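Breakdown of the fold
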Amino acid sequence: MITIDGSYGEGGGQILRTAVSLSAVIKEEVTIKNIRKARPQPGLKTQHLTSIETAALMCDAQVEGLFPGSTEIRFSPVEIKGLNAEIDIGTAGSIPLLVQCIMPAAAHASGNVSLRIKGGTDVIWSPSTDYLENVTFRALSRMGYRAHLKTISRGYYPRGGGLTELSIEPSGLNAYDYTREDGIVSGISHSSRLPGHVTQRQASCAQEILEREGYECEIGTEVTQDVSTGSGINLWSGFKGAVSIGKRGLPAEKVGSMAAGEMLQDLRSDAAVDRHLADQLIPFLGLAGSGSFTTAGLTEHTSTNIWVTEQFLDVKFGTEKKNGSVEIHVR
Ligand SMILES: Nc1ncnc2c1ncn2[C@@H]1O[C@H](COP(=O)(O)OP(=O)(O)OP(=O)(O)O)[C@@H](O)[C@H]1O
């Protein structure tokens, strides 16, 4: 049995997601203590509960300690099967973070994973569903990972209710050395239950900033009347992306300029992948057993995910400074 201190390093929900999924892959029971201990509301939130429940469903796991606010769980996996199910997070809890919890295990399943998931598609402190599809899954496909996430309708905080369709096929993971692939910046400026000019203003502002700096852009707009009210803009290029979410009182131009500013910072860097993708790639690099990428800097999310991954897999990550970036590798 493996025991993980959930308060280690960054101390957030990601420790939980990586630990649960890798425990399923190696079929070894894990106990996670001190879950989100230093967060203002410690323990499991709705998003984490539904994520663990979904992972448990996939691998017939028994789970102890699964309740809101719980700071310790024991996850005992059996075999990872395919799964065809409808999952409702019930709040604006992040759909991409739920998916993050089952991604490594799904590659090792005996069948396909097809889920219709309801929840938040564009919420703060999380990849958006567009980011997951266009940045994370695009990057992982280089290692042979086969997954798609289709956004059917958007779910914003606090109401959520967005709908997505996830499909993951089992696959082996091959080693891959990521190099910079920045090119045209693509994007989508979206809103629900707001006047159409909001998406236009978000998109125009982002486009103007990026084009002024010499980057070609193609940003689409999407105006809907979904269950929840909100707006945002997602940009991506190569293995880099930027997510910006609107909120009451924040001008649409500011939402657009924040995304463009984040994207520019990444595009100006010689690194191959952005800092968010960096932490998300770690368990997969570990499972592939070899591979590398460069990123602008080592975040606490990344170093913590390296630590968790090394607790489960027989791999050792290395980091090395390279021309203003950091190379992270497994050899
Ligand atoms: N703007 C963003 N774009 C892409 N990915 C993001 C973005 N913001 C956060 N992420 C990713 O979302 C994940 C967040 O993990 P984290 O542990 O902070 O989440 P959590 O479950 O909400 O936990 P906690 O509330 O404890 O922080 C990380 O993989 C991080 O890289």
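Residues numbered from 1 in each chain as written. Predicted model: local features only at pLDDT ≥ 70, side-chain atom pairs only at ≥ 80, totals over all residues. Heavy atoms only, no water.

A tally of helices and strands in the protein yields eight helices and 16 strands. A compact globule built from 331 residues would reach a C-alpha radius of gyration of about 20 Å, and the protein, at 19 Å, matches this within 12%. With the C-alpha coordinates of the protein rotated into their principal frame, the extents come out at 55 × 45 × 40 Å. Here the protein holds 331 residues, and 56% of them are scored as buried. Within the protein, counting contacts between residues at least 6 apart in sequence, those at least 24 apart form 73% of the total. For the protein, the distance from the average site of its 31 positive side-chain charges to the average site of its 37 negative ones is 4 Å. (Helix = DSSP H or I, 4+ residues; strand = E, 2+ residues; numbered from the N terminus. Rg over C-alpha atoms; globule rule 2.2 N^0.38 Å. Buried < 20%, exposed > 50% of the residue type's maximum accessible area, 1.4 Å probe, protein only. Contact = heavy atoms within 4.5 Å. Lys, Arg positive; Asp, Glu negative; His and termini not counted. Charge placed at Lys NZ, Arg CZ, Asp CG, Glu CD.)

On to the site of the ligand. Taken together, 20 residues lie near the ligand, and Gln 14, Arg 17, Arg 36, Asp 279 and His 301 sit nearest. Take Arg 39: an N or O atom from its side chain is 2.9 Å from an oxygen atom of the ligand. Bound to the protein, the ligand loses 89% of the 640 Å² it would expose on its own. Listing elements by their share of the shell around the ligand, those giving two or more residues are α1 (13–26), α2 (46–58), α3 (95–107) and α7 (275–288). Partitioning the shell around the ligand into residue classes produces five nonpolar, 10 polar and five charged. (Near = heavy atom within 4 Å. Polar contact = N/O pair within 3.5 Å; in protein donor to acceptor, adjacent residues only side chain to side chain. Areas by Shrake-Rupley, 256 points an atom, 1.4 Å probe, with all protein chains shown as cover. Nonpolar A, V, L, I, M, F, W, Y, C, P; charged D, E, K, R; others polar.)

Taken together, the side chains of Glu 208, Glu 211, Glu 216 and Glu 218 present a region of like negative charge at the surface. Considering the arrangement of structural elements, one finds Glu 208 in helix α5 (residues 197–212). (Patch = residues over 30% accessible without salt bridge, like charges linked within 9 Å, V, L, I, M, F, W, Y side chains within 5 Å. Salt bridge = Lys/Arg side-chain N within 4 Å of Asp/Glu carboxyl O.)

Contact pair α7 / helix α8 (residues 300–312): the axes reach a minimum separation of 8 Å and the direction vectors enclose 10°. As summarised for this structure, α7 and α8 are arranged roughly parallel, according to the angle between their axes. Residues Arg 275, Ala 278, Asp 279, Ile 282, Pro 283 and Gly 286 of α7 form the contact with α8, whose own contacting residues are His 301, Thr 302, Asn 305, Ile 306 and Thr 309. (Axes fitted to C-alpha atoms, helices over the stretch in contact; angles between N-to-C directions. Parallel < 35°, antiparallel > 145°, perpendicular 65-115°, else oblique.)

Our next topic: the pattern of salt bridges. For the structure on display, the rule yields 20 salt bridges. Among the salt bridges present, the one from Glu 29 reaches Arg 74, with a minimum N-O distance of 3.1 Å. Pair noted here: Glu 29 is in the loop between α1 and β2 (30–33) and Arg 74 is in strand β4 (residues 73–76), with a separation of 45 residues, a long-range link. Two residues, Glu 86 and Arg 116, come together in a salt bridge whose shortest N-O distance is 3.5 Å. Pair noted here: Glu 86 is in strand β5 (residues 83–88) and Arg 116 is in strand β6 (residues 113–119), with a separation of 30 residues, a long-range link. Relative accessible area serves as the criterion here: at 65%, Glu 86 is assigned to the exposed category. Arg 116 sits in the partly exposed class, given a relative accessible area of 33%. Shared partners join several salt bridges into a network, and the residues in it are Asp 122, Asp 130, Arg 154 and Glu 222.

For the rest of this paragraph, the subject is the sheet that holds strand β11 (residues 217–224). Strand order across the open sheet formed by four strands is β11-β10-β12-β13, with mixed pairing between neighbours. Each edge of the sheet is formed by a strand with only one pairing partner; in this case those strands are β11 and β13 (240–245). Averaged over neighbouring strand pairs, the angle between their axes works out to 10° when direction is ignored. Bridge analysis of strand β12 (residues 230–237) against β13 gives six bridges, and the strand direction is antiparallel. Residue Ile 233 lies in a different strand from β13, and its bridge partner there is Ser 244. Where α5 meets the sheet, it contacts β10 (185–192), β11 and β12, and its direction lies at approximately 170° from that of β11. (Pairing = 2+ DSSP bridges.)

As annotated in UniProt, the feature "active site" (unreviewed entry) corresponds to His 301 in the numbering used here. The topology assignment puts His 301 in helix α8. His 301 has contacts with Glu 10, Gln 14 and Asp 279, leaving out every residue within four places of it along the chain. A distance of 3.5 Å separates a polar atom in the side chain of His 301 from a polar atom in the side chain of Glu 10. (UniProt positions renumbered as here; feature names shortened; annotations may be inferred.)

With seven of eight residues buried, β10 is to be regarded as a mostly interior element. Taken together, the eight bridges between β10 and β11 define a ladder with parallel strand orientation. Opposite Ile 188, over in β11, you have Gly 220 as the bridge partner. Read from β10 through α5 to β11, the crossover connection turns out right-handed. Pairing of β10 with β12, which is carried by seven bridges, proceeds in the antiparallel orientation. The partner of Gly 187 across the bridge, within β12, is Leu 235. (Right-handed = clockwise from strand over helix to strand, strands pointing away.)

A word on the environment of His 301. With a relative accessible area of 32%, His 301 lands in the partly exposed category. For the pair His 301 and Gly 214, spaced 87 residues apart in sequence, the C-alpha separation works out to 31 Å.

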